[in-house]
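Chain and residue survey
Given next are the chains, with one letter for each unit.
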Amino acid sequence: MRIILGFIFFICSLIIGYYIYNKIKKREKFFEDFYNFSLNLHTEIGFFQNKLKDILNKNDYGENFNSLLKEVSNNLLNTEQTINDWCSKQNYLLKNDNEVLNSFFKKLGKTDVKTQQNEINEYIEIIKNKLNNLKAENLKKGKMVLSLSVMLGLALLIIVI
């Protein structure tokens with residue numbers, strides 16, 4: 001009976017560790033896709049002279065970017081929900097992440113092509129820096145979280161047995 005209880009604690013510890021690790025990775029993946037979206041947007045607006053609504057309505061959009069970014073763009077097109085509302089419902093984005101998203105999407109489609117390209121370039125640099133910081137942070141924290149969850153699970157297993 002103790003062995004079963006010990007393994008249950010071990011598995012629970014691993015699940016919690018994986019949940020935290022996955023939350024960290026989701027944030028990194030979101031900003032990776034946001035960076036790629038920004039590059040694509042810059043090209044679409046500057047080279048092809050497409051409008052924002054046309055870019056977001058493209059059929060291949062969902063194949064190139066993750067579902068979270070697709071949900072953000074769909075909220076811009078289909079509902080009256082603001083990006084701020086969407087960000088407040090997320091459990092992995094931080095407050096400063098929400099501010100970057102809000103300011104990025106509020107400025108889109110409001111000015112001429114050259115100004116939009118300049119603004120997108122500024123945000124590409126901001127997002128690139130944030131992404132690099134997240135990757136470095138995730139290398140440290142992600143491995144640490146997984147290692148600690150395994151060690152905690154083993155410690156609980158030994159204590160219970």
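None of the values given here were measured: they were computed from a predicted structure. (Residues numbered from 1 in each chain as written. Predicted model: local features only at pLDDT ≥ 70, side-chain atom pairs only at ≥ 80, totals over all residues. Heavy atoms only, no water.)

**As for the confidence of the model for the protein chain**
In this model, the protein chain carries an average pLDDT of 82, and 81% of its residues clear a pLDDT of 70 or more. Model confidence for the protein chain, summarised as mean pLDDT per element, is weakest for helix 3 (residues 61-64) at 51 and strongest for helix 7 (residues 113-160) at 91. (pLDDT = per-residue confidence, 0-100. Helix = DSSP H or I, 4+ residues; strand = E, 2+ residues; numbered from the N terminus.)

**A look at the packing of helix 1 (residues 2-46) against helix 6 (residues 95-107)**
Packed helix pairs are characterised by how far apart their axes lie and by the angle those axes make with each other. Remark: helix 1 packs on helix 6, axes separated minimally by 13 Å, with the N-to-C direction vectors making an angle of 20 degrees. Viewed along their axes, helix 1 and helix 6 adopt a mutual orientation that is roughly parallel. Taken as a pair, helix 1 and helix 6 cross one another with a handedness that is left-handed. Listed contacts from helix 6 to Arg27, Phe30, Phe31, Phe34, Phe37, Ser38 and Leu41 of helix 1 are Asn96, Asp97, Val100, Leu101, Phe104 and Phe105. (Axes fitted to C-alpha atoms, helices over the stretch in contact; angles between N-to-C directions. Parallel < 35°, antiparallel > 145°, perpendicular 65-115°, else oblique. Left-handed = near helix turned anticlockwise from the far one by under 90°. Contact = heavy atoms within 4.5 Å.)

**A short note on the pattern of salt bridges**
Applying the stated criterion across every chain, the model contains six salt bridges. The partner of Arg27 in a salt bridge is Asp97, with the nearest N and O atoms 2.6 Å apart. With Arg27 in helix 1 and Asp97 in helix 6, this residue pair connects regions lying 70 residues apart in the sequence. With respect to class, Arg27 is no different from Asp97; both count as buried. As a salt-bridge pair, Lys130 and Asp97 come within 3.0 Å of each other at their nearest N and O atoms. Within this pair, whereas Lys130 is found in helix 7, its partner Asp97 is found in helix 6, the two being separated by 33 residues in sequence. Exposure remark for Asp97: the relative accessible area of 0% places this residue in the buried category. One network of salt bridges, in which partners are shared, links Arg27, Asp97 and Lys130. (Salt bridge = Lys/Arg side-chain N within 4 Å of Asp/Glu carboxyl O. Buried < 20%, exposed > 50% of the residue type's maximum accessible area, 1.4 Å probe, protein only.)

**Quick notes on helix 7**
End to end, helix 7 covers 65 Å across 48 residues, agreeing with the expected 70 Å (1.5 Å per residue, within 8%). Along helix 7, the sharpest kink reaches roughly 35 degrees, centred on Asn138. (Expected span 1.5 Å × (residues − 1). Bend = angle between axes of the 7 residues up to and from the residue.)

**A few points about the environment of Leu101**
Structurally, Leu101 can be placed in helix 6. On a C-alpha basis, the gap between Leu101 and Cys87 in space is 8.4 Å, while along the polypeptide they are 14 residues apart.

**Regarding a nonpolar patch on the surface**
The grouping of Ile4, Leu5, Ile8 and Phe9 at the surface amounts to a nonpolar patch, some 350 Å² of accessible area in total. Within the element layout of this structure, Leu5 appears in helix 1. (Patch = residues over 30% accessible without salt bridge, like charges linked within 9 Å, V, L, I, M, F, W, Y side chains within 5 Å. Areas by Shrake-Rupley, 256 points an atom, 1.4 Å probe, with all protein chains shown as cover.)

**So, the side chain of Gln116**
Note on placement: Gln116 falls in helix 7. Take Gln116: its relative accessible area is 9%, and that puts it in the buried class. Those residues in contact with Gln116 that lie beyond four places of it in its chain are Ile45, Gly109, Lys110 and Thr111.

**Here's the deal with the packing of helix 6 against helix 7**
Across the interface, helix 6 lies against helix 7 with an axial gap of 11 Å and an inter-helix angle of 160 degrees. Taken together, the axis directions place helix 6 and helix 7 in an arrangement best described as roughly antiparallel. Between helix 6 and helix 7 the crossing geometry is left-handed. Of the residues in helix 7, those in contact with Asn96, Asp97, Val100, Ser103, Phe104 and Lys107 of helix 6 are Glu119, Ile120, Tyr123, Ile126 and Lys130. Taken together, the residues of the contact of helix 6 with helix 7 sort by class into five nonpolar, two polar and four charged. (Nonpolar A, V, L, I, M, F, W, Y, C, P; charged D, E, K, R; others polar.)

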